[in-house]
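Analysis of the macromolecular model
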Amino acid sequence: ELRLLRRIRHPNIVLFHGVLAYKASGENLLACVLEFVDGCNLCEFVKQRRTSGDFDADCRQLAGEDEDACFKVHEVKLIGDVCRGMCYLHGQHP
């Protein structure tokens with residue numbers, strides 16, 4: 001898996017930089033070193049955008065004033081980004 005992660009380059013996937021092997025409490029442990037992404041996880045991001053009103057503004061910008069279309073457009077974009085990342089990963093061969 002580490003060899004595969006080393007090759008992955010995609011805008012919708014956090015970049016893998018390397019691995020740190022260390023010993024703690026007599027156990028051999030590994031820690032992945034990943035690209036720093038400023039912010040929060042997806043669920044918190046959507047919750048924050050909805051609370052601040054930015055989510056609605058994003059939707060109106062993408063879909064006009066139709067409220068139902070607004071939410072659908074924004075959710076489809078988020079889901080599309082996730083799907084593009086997953087399709088890329090599934091297309092990789094170890």
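Quick caveat, the model's predicted, so the values are computed rather than measured. Position numbers for residues count from 1 along each chain, tracking the sequence in the order it is written. With the structure being a predicted model, the display of local features is reserved for residues of pLDDT at least 70 and the display and counting of side-chain atom pairs for 80 or more, all residues being used for whole-chain, interface and lining totals. The side-chain figures draw on all heavy atoms in the structure; neither hydrogens nor water molecules are used.

1. Considerations on the overall build of the chain
Condition: A run of H or I in DSSP counts as a helix once it spans at least four residues, and a run of E counts as a strand once it spans at least two, with each numbered from the N terminus. Only protein chains enter the accessibility calculation, which uses a 1.4 Å probe; a residue is then buried when its area is under 20% of its type maximum, exposed when over 50%, and partly exposed in between. Residue contacts are counted whenever heavy atoms from the two residues lie within 4.5 Å of one another. Residue-level accessible areas treat just the shown protein chains as cover; the underlying method is Shrake-Rupley with a 1.4 Å probe.
Broken down by element type, the chain carries 4 helices and 2 strands. When the helices and strands of the chain are placed in sequence order, the string is α-β-β-α-α-α. Each of the 94 residues in the chain was classed as buried or not, and the buried ones make up 14%. For the chain, restricting intrachain contacts to residue pairs at least 6 apart in sequence, the fraction spanning at least 24 positions comes to 30%. Approximately 7500 Å² of the chain is accessible, and the part contributed by carbon and sulfur atoms is 56%.

2. Remarks on the state of the cysteines
Short version of the rule: Note that a disulfide, as used here, is simply two cysteine sulfur atoms within 2.5 Å.
Enumeration according to the criterion identifies 0 disulfides in this entry. Left unpaired, C87 is separated from the closest cysteine sulfur, that of C83, by 6.2 Å.

3. Quick notes on helix α2 (residues 42-52)
What counts here: Between N or O atoms, a polar contact is any pair within 3.5 Å; within protein, one atom must be a potential hydrogen donor and the other a potential acceptor, and residues adjacent in sequence are included only when both atoms are from side chains.
Its side-chain oxygen 3.1 Å from the backbone nitrogen of C43, N41 forms the N-cap of α2. Where α2 ends, the next residue or the one after it, G53, has phi of about 90°, a positive value.

4. Thoughts on the pattern of salt bridges
Here is the rule we go by: For salt bridges, the criterion is a side-chain nitrogen of Lys or Arg within 4 Å of an Asp or Glu carboxyl oxygen.
Counted by the stated rule, this structure contains 1 salt bridge. When the shortest N-O distance is used, the salt bridge between D81 and R84 registers 2.6 Å. Taken together, the residues D81 and R84, both in helix α4 (residues 67-90) and 3 residues apart, mark about one turn of the helix. The partly exposed category is assigned to R84, whose relative accessible area is 44%.

5. Some words on a nonpolar patch on the surface
To keep it simple, the criterion reads: Like charges are joined within 9 Å and nonpolar side chains (Val, Leu, Ile, Met, Phe, Trp, Tyr) within 5 Å, but only among residues with over 30% relative accessible area and no salt bridge; these make up the patches.
Taken together, L42, F45, V82, M86 and L89 make up a surface patch of nonpolar side chains, about 400 Å² in accessible area. When residues in the nonpolar patch are grouped by element, the largest group, 3 residues, is from α4. Here F45 lies in helix α2.

6. Here's the deal with the environment of V14
By secondary structure assignment, the location of V14 is in the loop between α1 (2-7) and β1 (16-24). On a C-alpha basis, the gap between V14 and V37 in space is 7.7 Å, while along the polypeptide they are 23 residues apart.

7. So, the layout of surface pockets
Rules: Cavity and pocket criteria rest on a 1 Å grid covering protein atoms alone: a 1.4 Å probe that fits but cannot get out defines a cavity, protein on both sides within 12 Å along at least 5 of 7 lines defines an open pocket, and an atom within 4 Å of a point defines a lining residue. Grid points are joined across faces, edges and corners, and a volume is the space filled by probe spheres set on the points. Three classes are used: nonpolar for Ala, Val, Leu, Ile, Met, Phe, Trp, Tyr, Cys and Pro, charged for Asp, Glu, Lys and Arg, and polar for all others, with Gly counted as polar.
Of the pockets and cavities examined, the largest pocket occupies roughly 430 Å³. Secondary-structure elements contributing two or more residues to the lining of the largest pocket are α2 and α4. Among the elements that make up the lining of the largest pocket, the one with the highest residue count is α4 (3 residues). Taken together, the residues of the lining of the largest pocket sort by class into 9 nonpolar, 2 polar and 2 charged.

8. Re the environment of V19
Its location among the elements puts V19 in strand β1. V19 gets classed as partly exposed once you look at its relative accessible area, which sits at 40%. Sequence separation between V19 and R6 is 13 residues; the distance between their C-alpha atoms is 9.8 Å. Not counting residues within four places of it along the chain, the set of residues in contact with V19 comprises L2, L30 and A31.

Any link to function would need more than the numbers given here.
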